[in-house]
Each structure stands twice: as structure tokens, then as C-alpha cells.
Amino acid sequence: MRPSSGRPARQRRDAVPSIRDVAAAAGVSYQTVSRVLNDSPKVRPDTRRLVLDAIDRLQYRPNRAAQALGLGRANAVTVVTANTMLYGYASTLQGIEESARLAGLAVGVRVVESDQDVDVRHAVEYVSDPSAGSVIVVAFDPAGANVLRALPPDVPAVAATEAGGVPGSERTMIFLDERQAAADATRHLLSLGHRTVHHVAIPSETVASARQAGWRGALEEAGVRVPAILSADWDPRSAYLAGRRLAADEGVTAILCGNDDTALAVRRALYEAGRDVPGDVSIVGFDDLPGVAYWTPALTTVRMDFAGLGRACLAALTTELTGVVPPAVTPEAPRLVVRESTAPPRGR
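S.K.: An account of the pairing of strand β8 (residues 254–257) is requested, with residue identities and associated values reported.
M.R.: Where burial is concerned, the two faces of β8 agree: the one with Ala254 and Leu256 and the one with Ile255 and Cys257 are both buried. Bridging between strand β6 (residues 198–201) and β8 involves 3 bridges; their strand directions are parallel. Across the sheet, residue histidine 198 finds its bridge partner in β8, namely isoleucine 255. Bridge analysis of β8 against strand β9 (residues 282–287) gives 3 bridges, and the strand direction is parallel. Looking at the pairing, leucine 256 lines up with valine 284 of β9. Between the parallel elements β8 and β9, the chain passes through helix α10 (residues 260–272) in a crossover that is right-handed.

Right, here's the structure in full:
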């Protein structure tokens, strides 16, 4: 047994003051001290002053790793996502991480393997533990959407979603207006003289999704035929096979692709079939991946500010936790960037 100095541990010169020491000195609970440290608006000004004075007297420095939010959850954010490699998901995660780092929040990632009940349940159980902190769900797909719906009410969470949000959830959702961008891309192709625009969809799209709604609405508005949608998986080969089907149809002169990776695979199929881009077929992508401006031909695409979407999600989460509205964080609106892969069809 260690010998005692005869003084309480917190009064010894070499003792490091704890959050409970601050609470005792200020005459408040340690939870109140935690709220002051996290700038919660739920603390009265006179109580806040008492706590700050105690912090100054004791020269208390919070241990960020041990610090907890007033809600009793870790001072961290866990991002739930079905994918960390695809551009939209990865860029959203980048925006979250950059903003969280500036806010002093640790960031963790929990990948949900599929939209099956067992995988969704495991992800929900993981983030329901207070050590996971608060939660941002990247709900671009059924897996993320199912996690968002299944989260317990006491888990603080916001979501990045497709335009229109996730039906069945009352959580705060942040999204980019893809509907207008898809409509603009379709109108651009029609304005060049194409009789209609075909669409190769990515897995996150549904019949009611914003990209399909914008594409279909622009075609209907122009009074032209709405072709059947070709669906592709996330792997390039499935998009390439969809491209081969379109390349075999001489009537296809314009294609809107669900993302830029899909556009690249479709472009390869057209090349192998001897169909020139944009001479025979115009192509538009979605996302504006780094590098597509340097393809041959440079890709016309819709620029999506996914990093800004991630920053906006972190700002919304901060507001939910503290009640304090930070300076406005608004992602750039999606917009069409016209390059070399679109042109009037031959004969015009």
C-alpha cells in the first residue's frame, strides 16, 4: 500500500484536476461542467461563470479523449455508410471529417454491409452504444436508409440523402437537388437536336429518385418519347454491358449516365462498336470526378458538391446537439458543366 501524504489527492501539487474537481469547486454536477465545456446553451449564465472561474482557479484542461457530451455520448461522430470508395460517398465522408476535426470531434466509420435486416441491426447496435458518439448516416442507398429508419430516438443523428429524403424517417436530412440538375442535363441534350435521351441508372436510383424524375420530367415536358431505363450495378462491367446494348441501336444518339464511372464504361462500349462520341452519340455523366475534364473527349457532367454536403451534415448535427446555429454551411447547388462529349447529332 502506498504511503499517504495526509492531504486529499486533488490538493497535492502533482495532482491533475479532474472534471469532478471542477464540479466540486463550482458547486455543480460534473454533467453541468461537461455542458459548459461543450458550449451548451442549456446552462444559465451565472452557472457558466461559476464553472469557468473554477476551471481557471484549478487550471483544469479537459482530456479530449475522455470528454463527453452533455447527452452522455462520446465527443465523437460515427459515419454509417454502405461504401467508402465510390466518389460521392468518399467525398461526403471527407467533408464530414474535415469539419469534425476543426470542431475537435473524433470521427469513426461503420460500414453497413447490405440492406438485409441482420446487417442493418448490427450497424444500429454499434452506433447505439454511447462510445460511438453522434451519428451521420450516408443514406444514398437502401442500406443507409434502413439504418436511418431503425435508429433509436435517443441517438442524435442527421443524414446525407438523395433529394427528397428518406420516407419513414423524421430525422434532419441534407441533400443536393439532383432533380433540377438531371432536368438541365436532359434539356441540354434535347436543345442540341437529339430526339430523346436514354438513361443508364446507378443502383441508388429508384423510379421516384430525383435523377430519374428530373430526366423523365424534362422529356415529358418536351413531348418526346421516354425510353426504357437501363440499370447498372456499381461495377464498371455492368455499365459497359448496358453501353453495348445502347451502342447496337442506331437510334440512340444521347445518353445520360447515373455517374461518371458509368459514363466511362458506356464510352468504352461505344468506342468498341465504332460509334463516335460526340459525333454519333453524346454522353453526360454525374458527379464531375477529378480528371473527367481530361478525358478524350472531355466529359460533360453534373458537378456535385459532396464535400459541401458532408460539411453541412456536421453543421446540422452540431445544431441538434447544442441548440446553437453555426454560420450557414450550404453546399453548392448541382450544376451542368458542358464539355466536349455533347454535340448536335450528325446531320444537324
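What follows continues from the structure just given.
S.K.: Provide a residue-level description of the sheet that holds β6, including the pertinent values.
M.R.: What the 6 strands build is an open sheet, ordered β7-β6-β8-β9-β10-β11; its pairing is mixed. Since the sheet does not close on itself, it has two edges, and those belong to β7 (230–231) and β11 (335–337), each with one partner. Of the strand pairs in this sheet, strand β10 (residues 300–303) and β11 are connected by 3 bridges, and their pairing is antiparallel. The residue of β11 that forms the bridge with arginine 303 is arginine 335. Each of β6, β8, β9 and β10 touches α10; the most contacted strand, β9, lies at about 155 degrees to it.

S.K.: Outline the confidence of the model for the chain, supporting the account with residue identities and numerical values.
M.R.: For the chain, the average pLDDT comes to 88, and 90% of its residues sit at 70 or higher. Low pLDDT, under 50, characterises residues 1–14; the stretch is placed with 5 contacts to residues that sit more than four places away or in other chains. Overall, residues 63–71 carries pLDDT values under 50, and its contacts beyond four positions in sequence, including any with other chains, amount to 20 contacts.

Calculation criteria
- Residues numbered from 1 in each chain as written.
- Predicted model: local features only at pLDDT ≥ 70, side-chain atom pairs only at ≥ 80, totals over all residues.
- Heavy atoms only, no water.
- Buried < 20%, exposed > 50% of the residue type's maximum accessible area, 1.4 Å probe, protein only.
- Helix = DSSP H or I, 4+ residues; strand = E, 2+ residues; numbered from the N terminus.
- Pairing = 2+ DSSP bridges.
- Right-handed = clockwise from strand over helix to strand, strands pointing away.
- Contact = heavy atoms within 4.5 Å.
- Axes fitted to C-alpha atoms, helices over the stretch in contact; angles between N-to-C directions.
- pLDDT = per-residue confidence, 0-100.

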